[in-house]
Structure formats: C-alpha cells, structure tokens
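# Structural features, examined
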Amino acid sequence: MTDQTRWGIHEIHTKNKAIKYQKDLVARAMEQVVKMDETGITDLMILIEAEYERKYGKNKADGVVL
C-alpha cells in the first residue's frame, strides 16, 4: 500500500480521477450511440470529426483513423 502522505500522491489521485472521468464520459456516450440508427451515428461521426479538427488541427487529424 502506498503511503498517502508521500509527496505527489494528490497529483496522482487527480490524474487518475481525470482519466476515470474521461472513460465515464465515453461509456455514457456509447450508451446513447447504441440507441441510434445508422443516420444518427453518421451525423455524430461528422460532428466528432469537425470538433477534432477544430481542437487539434489538420496536421494531427491526417494521421489519426477515427
């Protein structure tokens, strides 16, 4: 067991909480995607790709397969 008073434990907990939050967001989104039909999923994919492009730019988007 890790000593909870050690330096850096708070940062590790914060990082782990952020990772868990992101995974929970994806899980909740997938629950809704399962309920969609093909056109809804296609529209969602287009919106996700546009948001990815807006956030990370064209150069980074070219090398990623969504």
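Residues numbered from 1 in each chain as written. Predicted model: local features only at pLDDT ≥ 70, side-chain atom pairs only at ≥ 80, totals over all residues. Heavy atoms only, no water.

## What about the overall build of the protein?
Within the protein one finds two helices and zero strands. Entry remark: accessible area of the protein is about 6300 Å², with carbon and sulfur atoms responsible for 61%. (Helix = DSSP H or I, 4+ residues; strand = E, 2+ residues; numbered from the N terminus. Areas by Shrake-Rupley, 256 points an atom, 1.4 Å probe, with all protein chains shown as cover.)

## Thoughts on the packing of aromatic side chains
Two aromatic rings, taken as a pair, are described by how far apart their centres are and by the angle between their planes. Under the definition given, this model contains one aromatic pair. Taking the centre distance of 4.9 Å and the plane angle of 50 degrees together, the rings of Tyr52 and Tyr56 count as tilted. Placement of both Tyr52 and Tyr56 in helix α2 (residues 38-62) is noted, with a separation of four residues, approximately one turn of the helix. We classify Tyr52 as partly exposed; its relative accessible area is 22%. Accessibility expressed as a relative area gives 43% for Tyr56, which makes it partly exposed. (Phe/Tyr/Trp six-rings, centres within 6.5 Å; stacked < 30°, edge-to-face > 60°. Buried < 20%, exposed > 50% of the residue type's maximum accessible area, 1.4 Å probe, protein only.)

## Digging into the pattern of salt bridges
Applying the stated criterion across every chain yields a total of two salt bridges. The partner of Lys20 in a salt bridge is Asp24, with the nearest N and O atoms 2.8 Å apart. Residue Lys20 and its partner Asp24 are located together in helix α1 (residues 9-34), separated by four residues, close to a single helical turn. Note that Glu51 is salt-bridged to Arg54, the shortest N-O span being 2.5 Å. (Salt bridge = Lys/Arg side-chain N within 4 Å of Asp/Glu carboxyl O.)

## Considering a nonpolar patch on the surface
Residues Val26, Met30 and Val34 make up a contiguous nonpolar surface patch of roughly 310 Å² in combined accessible area. Of the residues examined, Val34 reaches a relative accessible area of 67% and is grouped as exposed. (Patch = residues over 30% accessible without salt bridge, like charges linked within 9 Å, V, L, I, M, F, W, Y side chains within 5 Å.)

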